[in-house]
Amino acid sequence: MGTQESNEETSGTGAGGTGRRALLGAAVLGAGGAVLGMAGTARADGARHGGGGNLPKPTIIGHRGASGYRPEHTFGSYQLALDLGADIVEAGDLVPTKDGHLVCRHEPEIGGTTDVADHPEFAGRKKTKLLDGVSTTGWFTEDFTLAELKTLRAVERIPANRPHNTLYDGRWEIPTFEEVLRWQDEQTRKRGKQVWIYPELKHPTYFRKQGLPLEERVAKLLRKYRKDRRTSPVILQSFEPTSVQRLHRLVDNPLVVLLSSANSRPWDFVETGDPRTVADLVKPAGLREIASYARGIGPTLDLVIPRDAQGNLTRPTTLVSDAHKVGLILHPYTMRNENPFLPADFRKGTDADAYGDVFGAYKAYFATGIDGVFTDQPDTGLLAREDFNG
Ligand code: G3P
Ligand code: CA
């Protein structure tokens, strides 16, 4: 199995939901010092991987904006994340258009997060493709020009878990990465405080094979806006280590390697015949290698504290201390307030849209020493940090 999946999302509280719209980041779709909130750990090459700003720790990263409250990857979601106080906004997950623009969608397939199905003029664009080894049916950004995509509007991905968010269906268009870079500067000026963003390159090998490489496009835009530097307020992330290595050669921004489930293989490894799995990458040798080109890792929360067969939290692994030993920070993903996304022992009742004991879960995860966390509800994360820091 390849990666790029969030693999923890369902619409119900059972062990595994099946509705495609319920998948958040699904398979069908889908280094150190005080900067970035890593206190107390030094690394020799921090200057090379650097990045300015003393972000609070644990750093609260607005996942796809404030996607617990607004349809993901919209300016409504990004704006709310800042209003709620997120330290960084994941704006956005990046995929390309047919004419080479970068847009903010979690995956190339846009049937689950836009109203494309309601556009008869695009009915003929519906296709079945193999996306990182997974047969996927729908509409794909790489088959649309930017002008065409701009006629669509975003909708809530998981209405069963977030019925209130459907209020905003149809309100916002798909942002481009260039619009995000300008928005970042505008918001920084308006708020009198540096706004940080944390874009992710999605499916880089898949797109490179189609003649739409992501890394060079990202680097070109970062250079255009003078945000390609070690101290720039832009952290870049990808599930494909070779993509992060390519970025390392192109720009000086802080870089993060995302890590899916332990038994999965990054898709670039599958394509190049590298036999290693995530379980290999989280061993000391794997982490040392990552630390040679990246600033941190973004593991699933389950790699930090595994769950048992019933879905309850068990004991933390040594990942946090192993990563810190080689100077890597950890920003695990993804904290969400709703029952189905929480460990079983932190759920309250069985309603799919009800909140569980998310503060209890935060306490357990923060106690491991993680440096930050991606969350769909940044306000909840900030309160949890207040609790934790006292
Ligand atoms: O980027 C951190 C987290 O967003 C990775 O998961 O699938 O939501 O992009 P995903
Ligand atoms: Ca992401």
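Here the structure is a predicted model, which is why all the values come from computation and not from measurement.

**Focus: the pairing of strand 5 (residues 127-131)**
Alright, step 1. Direction of pairing for strand 5 relative to strand 6 (residues 134-138): antiparallel, over a ladder of five bridges. Paired with K127 across the two strands is G138, which belongs to strand 6.

**Thoughts on the nonpolar core**
Alright, step 1. V89 and I197 are the most contacted members of the largest nonpolar core, which totals 86 residues.
Alright, step 2. Looking at this core element by element, the count peaks at five residues for strand 10 (residues 255-259).

**Focus on helix 6 (residues 215-224)**
Alright, step 1. Those residues of helix 6 lying buried are E215, V218, L221 and L222. Here the buried residues of helix 6 occupy an arc of 135 degrees about the axis, which is enough to place them on one side. Among the exposed residues of helix 6, those pointing more than 90 degrees away from its buried face are E216 and K224.
Alright, step 2. Of the residues trailing helix 6, R226 is marked for its positive phi of about 55 degrees.

**Thoughts on the sheet that holds strand 4 (residues 102-104)**
Alright, step 1. Sheet architecture is open: seven strands sit in the order 4-3-8-9-10-11-12, paired in mixed fashion. Two strands in the sheet have a free side with no partner beyond their single neighbour: strand 4 and strand 12 (329-330).
Alright, step 2. Pairing between strand 9 (residues 236-238) and strand 10: three bridges, direction parallel. Residue Q237 lies in a different strand from strand 10, and its bridge partner there is V256.

**Here we look at the environment of T176**
Alright, step 1. One can find T176 in the loop between helix 3 (146-149) and helix 4 (177-191).
Alright, step 2. Sequence separation of T176 and L102 is 74 residues, and the distance between their C-alpha atoms is 5.8 Å.

**Some points on the confidence of the model for the protein chain**
Alright, step 1. Looking at the protein chain as a whole, the pLDDT averages 90, with 86% of positions reaching at least 70.
Alright, step 2. Between the elements of the protein chain, mean pLDDT differs from a low of 36, seen in helix 1 (residues 46-49), to a high of 99, seen in strand 4.
Alright, step 3. Within the model, pLDDT remains below 50 along residues 14-35, and this stretch shows 73 contacts once partners closer than five positions in the same chain are excluded.

**Quick word on the packing of helix 13 (residues 358-366) against helix 14 (residues 378-389)**
Alright, step 1. The interhelical angle for the contact between helix 13 and helix 14, taken along N-to-C directions, is 60 degrees, at an axis separation of 10 Å. Between helix 13 and helix 14, the angle is such that the two are oblique. Seen along the crossing, helix 13 lies across helix 14 with a hand that is right-handed. For the pair formed by helix 13 and helix 14, the contact residues are V358, F359, Y362, K363 and F366 on the first element and T380, A384, D387 and F388 on the second.
Alright, step 2. Split into classes, the residues belonging to the contact of helix 13 with helix 14 amount to six nonpolar, one polar and two charged.

Scoring rules and cut-offs
Residues numbered from 1 in each chain as written. Chains lettered and ligands numbered in written order. Predicted model: local features only at pLDDT ≥ 70, side-chain atom pairs only at ≥ 80, totals over all residues. Pairing = 2+ DSSP bridges. Helix = DSSP H or I, 4+ residues; strand = E, 2+ residues; numbered from the N terminus. Core = buried A, V, L, I, M, F, W, Y, C linked by C-beta atoms within 7 Å. Buried ≥ 20, exposed ≤ 12 C-beta atoms within 10 Å, placed from the backbone. Arc of directions from axis to C-beta. pLDDT = per-residue confidence, 0-100. Contact = placed C-beta atoms within 7 Å. Axes fitted to C-alpha atoms, helices over the stretch in contact; angles between N-to-C directions. Parallel < 35°, antiparallel > 145°, perpendicular 65-115°, else oblique. Left-handed = near helix turned anticlockwise from the far one by under 90°. Nonpolar A, V, L, I, M, F, W, Y, C, P; charged D, E, K, R; others polar.

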